[in-house]
Amino acid sequence: MAKAPAVEVEAGGRAVRISSPDRVIYEATDQTPEVTKLMVAEYFASVDDGLMRALRERPTALERWTSGVRPGMKLATGPQDKDADAFYQKRVPKGAPDFLETVEITFPSGRTAEEICPTEIAVPVWCAHMGTLTFHPWPVRRADVDRPDELRLDLDPQPGTTFADSVRVAGVAKELLEELGLVGYPKTSGNRGVHVFVRIEPRWEFVDVRHAAIAFGRALAARDDQVTVEWWKEERGERIFVDFNQNNRDRTMASAYSLRPLPGAPVSTPLSWAELAETKDPKELNLFTVPERLADTGDAWAGIDEVAYSLQPLLDLWEEQGAVELNFPPDYPKMPGEPPRVQPSKKVASHWDEDGNRVEP
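Residues numbered from 1 in each chain as written. Predicted model: local features only at pLDDT ≥ 70, side-chain atom pairs only at ≥ 80, totals over all residues. Heavy atoms only, no water.

(A) Expanded view of the overall build of the protein chain. Along its length, the protein chain carries eight helices and 16 strands. Expected size for 361 residues packed as a compact globule is a radius of gyration near 21 Å; at 21 Å, the protein chain falls within 12% of this value. Here the protein chain, with 361 residues, has 53% of them falling under the buried criterion. A separation threshold of at least 6 residues defines the contact pool for the protein chain, and within that pool the share at least 24 residues apart is 67%. Accessible area for the protein chain stands at about 16,100 Å²; split by element, carbon and sulfur atoms hold 50% of it. Here the protein chain carries 43 positive and 60 negative side-chain charges, and the mean point of each set is 4 Å from the other. (Helix = DSSP H or I, 4+ residues; strand = E, 2+ residues; numbered from the N terminus. Rg over C-alpha atoms; globule rule 2.2 N^0.38 Å. Buried < 20%, exposed > 50% of the residue type's maximum accessible area, 1.4 Å probe, protein only. Contact = heavy atoms within 4.5 Å. Areas by Shrake-Rupley, 256 points an atom, 1.4 Å probe, with all protein chains shown as cover. Lys, Arg positive; Asp, Glu negative; His and termini not counted. Charge placed at Lys NZ, Arg CZ, Asp CG, Glu CD.)

The structure is reproduced here in structure tokens:
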């Protein structure tokens, strides 16, 4: 069969070229038709207002599924995944158009890179041409890439829990935020989880925002026994994990209005708190339903930039809790005050030094 010729998609006054427009990215399901590469590009163009509110002026990594999404396909998360089908693009891809702008960011290792910095909807549409489904913006803007303007609360359901559990816990999180004088904006993760973002003043460094997330997670766990901040999976149980490490430098979450690489092309969708409480099946928020919803009711996060809150109430809580550090991700250098990076089940019958190295008794 001859390959379909490239087509152009209108995006904010620009015509963006899309090659292989008929390539199937998502196969049909019982609830949704198949989705082509052209449909992905058109989807991003159709959710311009909400998507750009999430991405504008932010360093953004791309999650690229160039061959589409199929059962058993794997996303590369490190150099060990050489046979993976999809990958994260942290540096600007070759062949980027002239209208694509960039910003230099610094990784935890100290290395730097030029990363995509979306300023107009034509950029995400061009990224669709490159096989991008999910955008991973940093919680900073180009004006100051070292001071976050978002606190991101990732309510991550562990095995044995459901989306309904995430929604219930999110309601408790809303109450706690309000008691602290903060306003959170929820969205579906696109799977079983819930994300809550809080716009903050860009005055603090990444480690401070991480401490704020730990403090919040601990306070949430203290009032709800289905919540945990235990870093080791073996200790989490059937609970909702508040993934505080999502607030580290170079840790990102799927943006609002991103597609997720799951059957049916689900979307990480902003909702009002009332809408979230009524949502039973997040898969119903997908490439086919979200554009119409956005056109009819507008972006549930339309007011997120109106007020930037102080992080101080959460930093005060961090101090009140004893300022006890928790583990960083394994690819991070050893951090001050961090406990040993040793699974609790492996501590038996051995001693460990402060760097997590085993010392025989």
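(B) Fine view of the packing of helix H1 (residues 37-46) against helix H3 (residues 122-129). Put simply, H1 and H3 touch, their axes get as near as 8 Å, and they point 165 degrees apart. Regarding the angle of H1 to H3, the classification is roughly antiparallel. For H1 against H3, the interelement crossing comes out right-handed. Between H1, through Lys37, Val40, Ala41, Phe44 and Ala45, and H3, the contact on the second element is made entirely by Pro124, Val125, Ala128 and His129. Each residue belonging to the contact of H1 with H3 can be placed in one class, and the counts come to seven nonpolar, one polar and one charged. (Axes fitted to C-alpha atoms, helices over the stretch in contact; angles between N-to-C directions. Parallel < 35°, antiparallel > 145°, perpendicular 65-115°, else oblique. Left-handed = near helix turned anticlockwise from the far one by under 90°. Nonpolar A, V, L, I, M, F, W, Y, C, P; charged D, E, K, R; others polar.)

(C) The arrangement of the sheet that holds strand S12 (residues 194-199) in detail. Pairing in this open sheet of five strands is mixed, and the strands run S11-S12-S10-S14-S13 from one edge to the other. Strand pairing shows two members of the sheet lacking a second neighbour, strand S11 (185-188) and strand S13 (227-228), which therefore form its edges. Pairing of strand S10 (residues 150-157) with strand S14 (residues 240-242), which is carried by three bridges, proceeds in the antiparallel orientation. Paired with Asp156 across the two strands is Phe241, which belongs to S14. Sheet contacts for helix H4 (residues 163-179): S10, S11, S12, S13 and S14; angle to S12, the most-contacted strand, approximately 20 degrees. (Pairing = 2+ DSSP bridges.)

(D) Molecular detail of the packing of aromatic side chains. As enumerated under the stated definition, the model contains nine aromatic pairs in all. Seen in terms of ring centroids, Tyr185 and Trp301 are 6.3 Å apart; in terms of plane orientation they differ by 75 degrees. Their pairing is edge-to-face. Here Trp301 lies in the loop between helix H7 (290-297) and helix H8 (312-320) and Tyr185 lies in strand S11, a separation of 116 residues in the sequence. For Tyr185, a relative accessible area of 17% gives the class buried. Judged by its relative accessible area of 5%, Trp301 is buried. With a centroid separation of 6.4 Å and an interplanar angle of 55 degrees, the aromatic rings of Trp231 and Phe241 are classed as tilted. You can see Trp231 sitting in the loop between S13 and S14 and its partner Phe241 sitting in strand S14, a full 10 residues away along the chain. Through successive ring pairs, a cluster of aromatic residues spans Tyr43, Phe44 and Phe135. Between the NZ or CZ atom of Arg236 and the centre of the ring of Trp231, over which it lies, the distance is 5.9 Å. Between the NZ or CZ atom of Arg236 and the centre of the ring of Phe241, over which it lies, the distance is 3.7 Å. (Phe/Tyr/Trp six-rings, centres within 6.5 Å; stacked < 30°, edge-to-face > 60°. Lys NZ or Arg CZ within 6 Å of the ring centre and 35° of its normal.)

(E) The arrangement of H1 in detail. Within H1, the full set of buried residues consists of Lys37, Val40, Ala41, Tyr43 and Phe44. Angular distribution of buried residues about the axis of H1 spans 155 degrees; they occupy a single face of the element. (Arc of directions from axis to C-beta.)

(F) Broad picture of unusual backbone geometry. Unusually for a residue other than glycine, Ser20 sits at a positive phi of about 45 degrees. Along the chain, Ser20 falls in the loop between strand S2 (14-18) and strand S3 (24-26). Residue class for Ser20 comes out buried when judged on its relative accessible area of 8%. In this structure, Ala265 is a non-glycine residue whose phi angle is positive, near 55 degrees.

(G) A look at H3. With respect to burial, H3 is a largely interior element, eight of its eight residues being buried. Regarding H3, the residues found buried are Ala122, Val123, Pro124, Val125, Trp126, Cys127, Ala128 and His129.

(H) Just the packing of helix H5 (residues 206-223) against H8, in detail. It is at 8 Å that the axes of H5 and H8 come closest, and there the two elements cross at 70 degrees. Considered as vectors, H5 and H8 are oriented roughly perpendicular to each other. In terms of crossing hand, the pair formed by H5 and H8 is left-handed. Contacts from Asp208, His211, Ala212, Ile214, Ala215, Phe216, Arg218 and Ala219 in H5 reach Leu314, Leu315, Leu317 and Trp318 in H8.

(I) Representation of the side chain of Lys37 within the structure. Looking at the element boundaries, Lys37 is found in helix H1. Discounting chain neighbours no more than four positions away, the residues touching Lys37 are Ile18, Ser19, Ser20, Pro21, Arg23, Ile25, Ala128 and His129.

(J) Representation of the nonpolar core. With 90 residues, the main nonpolar core has Leu220 and Leu259 as its most contacted residues. In this structure, Val103, Phe107, Ala113 and Cys117 belong to the second largest nonpolar core, which totals nine residues. (Core = buried A, V, L, I, M, F, W, Y, C linked by side-chain atoms within 4.5 Å.)

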